[in-house]
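Observations on chain architecture
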Amino acid sequence: MPNLTPLDIKFSQRFSKNVLSNIAYFAINIIIGLKLVPYFVDTLGFSAYGLIPLATSITSYVTLIIDSLNTSISRFLTIDLQRSDISRANQTFNTALFGTLAILLILIPVVLLVAWFAPEFFDIGDTPSGDVFILFSLILGSVLIRAWSSNFMVTLFAYNRLDYRNLVNVTNLVTQLILIVVFFTIFPPSLVYVGISYFIAALVALFVAYNLSRKVCPDIQISISSYSRARFREIRGIAFWVVIDTIGFMLNANIALMVVNRLFGDVAGSEYSLVILWSSLLYGISGLVTSAMTPMIYNYYSKRDTEGLIKFALFAMKCMGLFMTPIIGLICLFSPQLLTLWMGSDEYVHLAPLMWVVVSPVIVKVQVSAISSIGVGYGRVKIPAFYSLFAGILNVYLSCTLPFMFGLGIYGVAISGAITMLLHTGISAPLYIAYVVRAPLATFVKAILRGIGYLMGFIMAATLILAVFPASNILMTIIVGLALLIIYITLVLTCILHEDEKEQLRSCVPGFSSDIFLPYPYKHTFSKFRYIKSNIMSIIKKT
């Protein structure tokens, strides 16, 4: 077996490519997602459409164990390769590959059982129960396939090739879209064809993931003889607590849609899914950057550079807070216009206040997501798991009680989610991460408060501007929104970011945009002028 040189993840060189690929994937994801919603509503009906996000939310629970294993695998495989241990990397990869396959086979009856009882448990309106069973079965089955294919994507993560990971994800999305349109064009629209499209797309994505993994790391071979029970127990040790932590997260993030469906019916569930989609999109936007930062966090850990890790983590949190502030602020401020433009009528404008409750707390979550992998890197996942589970159980309790207090209705579900997320993500998680890296306990909490301050300042300033220049139509909304964005970016570059932070950003962003991060913009121009002048003079002398 050939030896690997120490793995160079080329963070600065690949960061911009990874982020750009993340942006491309997200743009495709958001375009397809936003276009499919009205398409499904028009072809299937509003009630039937609500079953699709419901089915995809259920998949999160079915694949909980697999996702947690992959988180643990990413940690072990990246460190193995960082330390140039190809033999152990092969053992980690094959242990994960065949271990997750065994778990998937066990989960197949569970998937069929969940799909069988779905029509009985949820309010499905007039939709045939057989169609609902097939939809849930195939979508859950597609997620199991994607879960197994993620073993090959872990290799891409270890090599910091997030651009290849995004290629796999784009392949999955585009295949889904093409098949849905083809099926709906040839046959009468049905939930059955949605499930079939998801299932086939997962198989295609598996094929692409396998080939890209072989291309990036041919030294890692598939071999059942490399499976190690001891290694599986080691991976499982961290994965178990990640499972507990993920259960808590799912009870916090994904329980709302099911609670609304059960308590208020299918129509309310469909309306709530429209709002939840925007918070999911915001998490997706933050993932464009945070996913590219995770390999660097593991890199700091493998080198035992705690001081560098803390500095990088604070820088990452600050960037995430500044990056997400205008996006969250604009979505909240212009939520009536967004809902009208998106759905093609003002029928859903009444959901705008709900958007504020669901979307605004995202500023806390996205900042913590930039440093959440630190605990996994250090193998310290037990205590955060308990806190997360407690917050999830509290959210379930509040979600079932607050809606009936003071006539809050579905707003009670949204408020309970915001409360528990702030308690867990905004307080307990950053405190524990500071403890793990031996930093002052308030280190990361202060960073979160700064991010909240950025958002509050942006919203207050924007509200004053909108009082003078009201967004009375779509054109005015676009003009005011762009003006707010330009003013904000100018203030960030001139007043908030320090010179060393601009330099650090410049080393990561694409070359065509790096000039905006230079401490002295005109200095760069004069340098180019002097360079050209010196070249001209040298040519004259030679001639």
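These numbers were taken from a predicted model, which means no experiment stands behind them.

Basis of the calculations
Residues numbered from 1 in each chain as written. Predicted model: local features only at pLDDT ≥ 70, side-chain atom pairs only at ≥ 80, totals over all residues. Heavy atoms only, no water. Helix = DSSP H or I, 4+ residues; strand = E, 2+ residues; numbered from the N terminus. Buried < 20%, exposed > 50% of the residue type's maximum accessible area, 1.4 Å probe, protein only. Contact = heavy atoms within 4.5 Å. Areas by Shrake-Rupley, 256 points an atom, 1.4 Å probe, with all protein chains shown as cover. Patch = residues over 30% accessible without salt bridge, like charges linked within 9 Å, V, L, I, M, F, W, Y side chains within 5 Å. Salt bridge = Lys/Arg side-chain N within 4 Å of Asp/Glu carboxyl O. Expected span 1.5 Å × (residues − 1). Bend = angle between axes of the 7 residues up to and from the residue. Core = buried A, V, L, I, M, F, W, Y, C linked by side-chain atoms within 4.5 Å. pLDDT = per-residue confidence, 0-100. Axes fitted to C-alpha atoms, helices over the stretch in contact; angles between N-to-C directions. Parallel < 35°, antiparallel > 145°, perpendicular 65-115°, else oblique. Left-handed = near helix turned anticlockwise from the far one by under 90°. Nonpolar A, V, L, I, M, F, W, Y, C, P; charged D, E, K, R; others polar. Phe/Tyr/Trp six-rings, centres within 6.5 Å; stacked < 30°, edge-to-face > 60°. Arc of directions from axis to C-beta.

What the chain contains, in helices and strands, is 22 helices and zero strands. A total of 543 residues make up the chain; the buried ones form 55% of that total. Within the chain, contacts between residues separated by at least 24 positions form 81% of all contacts whose residues are at least 6 apart in sequence. Of the accessible surface of the chain, which amounts to about 24600 Å², a share of 69% is contributed by carbon and sulfur atoms.

Residues Ile419, Leu423, Ile427, Leu431, Tyr435 and Leu441 make up a contiguous nonpolar surface patch of about 530 Å² in total accessible area. Here leucine 441 is to be found in the loop between helix H18 (410-436) and helix H19 (443-468).

Another point: H18. Between its first and last C-alpha atoms H18 spans 38 Å; for 27 residues at 1.5 Å apiece the expected length is 39 Å, and the two agree. The sharpest bend along H18 measures roughly 25° and falls at methionine 421. The element H18 is extensively covered by neighbouring structure, given that 19 of its 27 residues are classed as buried. One or two steps after H18, the chain reaches arginine 438, where phi turns positive at roughly 60°.

We now examine the nonpolar core. Counting 112 residues, the largest nonpolar core has Tyr272 and Ile328 as its most contacted members. No other element matches the 16 residues that helix H12 (residues 306-333) contributes to this core. Setting aside residues up to four positions removed in sequence, tyrosine 272 forms contacts with Ala256, Leu257, Val260, Leu354, Val358, Ile410, Val413 and Ala414. Core analysis: the next-biggest nonpolar cluster, separate from the first, contains 38 residues, Val154, Leu162, Ile244 and Val376 among them.

What follows concerns the confidence of the model for the chain. Summary statistics for the chain give a mean pLDDT of 78 and a share of 84% for residues scoring 70 or more. Segment residues 1-6 is flagged for pLDDT under 50; beyond a separation of four residues in sequence, or across chains, it makes 15 contacts in the model. Below pLDDT 50 for its whole length, residues 539-543 participates in zero contacts with residues either more than four positions away or in separate chains.

Turning our attention to the packing of helix H7 (residues 162-186) against helix H8 (residues 191-216). Where H7 meets H8, the closest approach of the two axes is 8 Å, and the angle between their N-to-C directions is 155°. Compared by their axis directions, H7 and H8 come out roughly antiparallel. Classified by chirality, the crossing of H8 by H7 is right-handed. The residue makeup of the contact of H7 with H8, split by class, is 20 nonpolar, five polar and one charged.

Following the criterion strictly, the structure yields 10 aromatic pairs and no others. Note on phenylalanine 152 and tyrosine 210: the rings are 5.5 Å apart at their centroids and 90° apart in plane angle, and the pair reads as edge-to-face. Residue phenylalanine 152 is found in helix H6 (residues 129-158), and its partner tyrosine 210 is found in helix H8; the two are separated by 58 residues along the sequence. You can call tyrosine 210 partly exposed: its relative accessible area is 34%. Summarising the aromatic geometry, the rings of phenylalanine 458 and tyrosine 488 are spaced 5.5 Å apart at their centres and angled 90° between planes, so their arrangement reads as edge-to-face. Of the two residues, phenylalanine 458 sits in helix H19 while tyrosine 488 sits in helix H20 (residues 474-496), which places them 30 residues apart along the sequence. When its relative accessible area of 10% is taken as the criterion, tyrosine 488 is described as buried. Taken together, the ring pairs connect Phe93, Trp148, Phe152 and Tyr210 into an aromatic cluster.

Contact geometry of helix H17 (residues 382-401) with H18 gives a least axis separation of 9 Å together with a crossing angle of 165°. Classified by the angle between their axes, H17 and H18 sit roughly antiparallel to one another. The hand of the H17/H18 crossing is right-handed. Facing H17, whose interface residues are Ile383, Pro384, Tyr387, Ser388, Ala391, Leu394, Asn395, Leu398 and Ser399, H18 presents Val413, Ser416, Gly417, Thr420, Leu423, His424, Ser428 and Tyr432. Across the contact of H17 with H18, the residue classes tally to nine nonpolar, eight polar and no charged.

It is worth spelling out the environment of lysine 365 at this point. Relative to the elements of secondary structure, lysine 365 occurs in helix H15 (residues 362-369). In this structure, the C-alpha to C-alpha distance between lysine 365 and glycine 321, residues 44 residues apart in sequence, is 9.9 Å. If sequence neighbours within four positions are ignored, lysine 365 has contacts with Phe249, Tyr283, Met421 and Thr425.

Before going further, it helps to examine H17. Helix length check: H17, at 20 residues, gives a terminal C-alpha distance of 29 Å against a target of 28 Å (1.5 Å per residue), a fit within 8%. Taken residue by residue, H17 has Ala385, Ser388, Ala391, Gly392, Asn395, Leu398 and Ser399 as its buried positions. Seen along its axis, H17 keeps its buried residues to an arc of 155°; they face one direction. Exposed and facing more than 90 degrees away from the buried side of H17 are Phe390 and Tyr397.

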